[in-house]
Amino acid sequence: MLILAIAQAALAVFAALAGAFADGGDTWSRLLLILIHPLCAAALLLLVLLPRPGTATVLAVAALLVANVGADLYTALMIWQGGLRGDWWLPTIFAVIPAIGIVYALTVSRMQSQPD
């Protein structure tokens, strides 16, 4: 999971830099690229690196990741329907690692709730 979290962080930083300097795109797309992706990538990296994250931390990261996946899939749907310009598969790709991160967060949460 550490490798995926690092890959997501690198992808988010690259996309944020590209999104900040690219021409075109609406406010929603820029917000997604410049704020949501890096924030969620940092949260996932934090979750992976903490030895025993608290339940509140795990749930907060899971909520951020759900928001990330939802925003990406919504953006992909809007592009596919013609409401936004772009390639629909690109935001779908951005949703893959956070979706895996949700499963990881739920697994960590479940492991914490079981007695030793």
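What counts, and at which threshold
Residues numbered from 1 in each chain as written. Predicted model: local features only at pLDDT ≥ 70, side-chain atom pairs only at ≥ 80, totals over all residues. Heavy atoms only, no water. Helix = DSSP H or I, 4+ residues; strand = E, 2+ residues; numbered from the N terminus. Buried < 20%, exposed > 50% of the residue type's maximum accessible area, 1.4 Å probe, protein only. Contact = heavy atoms within 4.5 Å. Areas by Shrake-Rupley, 256 points an atom, 1.4 Å probe, with all protein chains shown as cover. Core = buried A, V, L, I, M, F, W, Y, C linked by side-chain atoms within 4.5 Å. Expected span 1.5 Å × (residues − 1). Arc of directions from axis to C-beta. Axes fitted to C-alpha atoms, helices over the stretch in contact; angles between N-to-C directions. Left-handed = near helix turned anticlockwise from the far one by under 90°. Bend = angle between axes of the 7 residues up to and from the residue. Polar contact = N/O pair within 3.5 Å; in protein donor to acceptor, adjacent residues only side chain to side chain.

Chemist: Help me out: how do you make sense of the overall build of the protein chain in this one?
Modeler: For the protein chain, the helix and strand inventory stands at four helices and zero strands. Counting from the amino terminus, the protein chain carries its helices and strands in the arrangement α-α-α-α. The principal-axis extents of the C-alpha atoms in the protein chain amount to approximately 55 × 25 × 20 Å. In the protein chain, which comprises 116 residues, the share counted as buried stands at 34%. Taking as baseline every contact in the protein chain between residues at least 6 positions apart, the subset at least 24 positions apart corresponds to 64%. As presented, the protein chain carries roughly 7,000 Å² of accessible surface, and 73% of it is formed by carbon and sulfur atoms.

Chemist: Just checking my understanding: could you explain the nonpolar core for this structure?
Modeler: In globular proteins that are soluble, nonpolar side chains generally tend to be buried together. With 19 residues, the main nonpolar core has L44, L47, V58, V61, L65 and A105 as its most contacted residues. Listing elements by their share of this core, those giving two or more residues are α2 (27-49), α3 (55-81) and α4 (89-113). Excluding its chain neighbours within four sequence positions, the residues that come into contact with A105 are L47, V58 and A62.

Chemist: Help me understand the environment of Q112, please; the structure alone is not making it clear to me.
Modeler: Assignment of secondary structure puts Q112 in helix α4. As a C-alpha pair, Q112 and Q8 span 104 residues in sequence and 25 Å in three-dimensional space. Other than its neighbours up to four places away in sequence, Q112 contacts R52, P53, G54, T55 and V58.

Chemist: Hey, could you run me through the side chain of S109 in this one?
Modeler: Tracing the sequence through the fold places S109 in helix α4. Residues contacting S109, with those up to four places away along its chain left out, are V58 and L59.

Chemist: Would you mind going over helix α1 (residues 2-21) with me for this structure?
Modeler: Working note: α-helix, 3.6 residues per turn, so residues spaced by three or four point in the same direction. Taking 1.5 Å of rise per residue, 20 residues should cover 28 Å, and α1 covers 29 Å from first to last C-alpha, within 8% of that figure. Those residues of α1 not exposed but buried are A5, Q8, A9, A12, A15, A16 and G19. One face of α1 carries all of its buried residues, which in axial projection span an arc of 140°. Residues of α1 that are exposed and point over 90 degrees away from its buried face: I3, F14, L17 and F21. Summarising the contacts, the buried residues of α1 are in contact with α2 and α4.

Chemist: In this structure, what is going on with the packing of α2 against α4? I would like to understand it.
Modeler: The axes of two packed helices give the description: the angle between them and the distance between them. The geometry of α2 relative to α4 is characterised by a closest axis approach of 11 Å and an angle of 35° between their N-to-C directions. Between α2 and α4 lies a crossing whose hand is left-handed. Contact residues: L33, H37, L44, L47 and V48 in α2; F94, I97, G101, Y104 and A105 in α4.

Chemist: Help me out: how do you make sense of α2 in this one?
Modeler: The terminal C-alpha atoms of α2 lie 32 Å apart, and with 23 residues this matches the ideal 33 Å at 1.5 Å per residue to within 8%. Of all bends in α2, the biggest is about 30°, found at L33. What α2 keeps buried is the set L32, I36, H37, C40, A41, A43, L44, L47 and V48. Looking at the buried side of α2, the elements it contacts are α1, α3 and α4.

Chemist: Would you mind showing me how to read the side chain of T75 here?
Modeler: Among the structural elements, T75 can be located in helix α3. From its side chain, T75 meets the backbone oxygen of A71 in a polar contact 2.8 Å long. Apart from the residues lying within four places of it in its own chain, the contact partners of T75 are W28, L32, L84 and P91.

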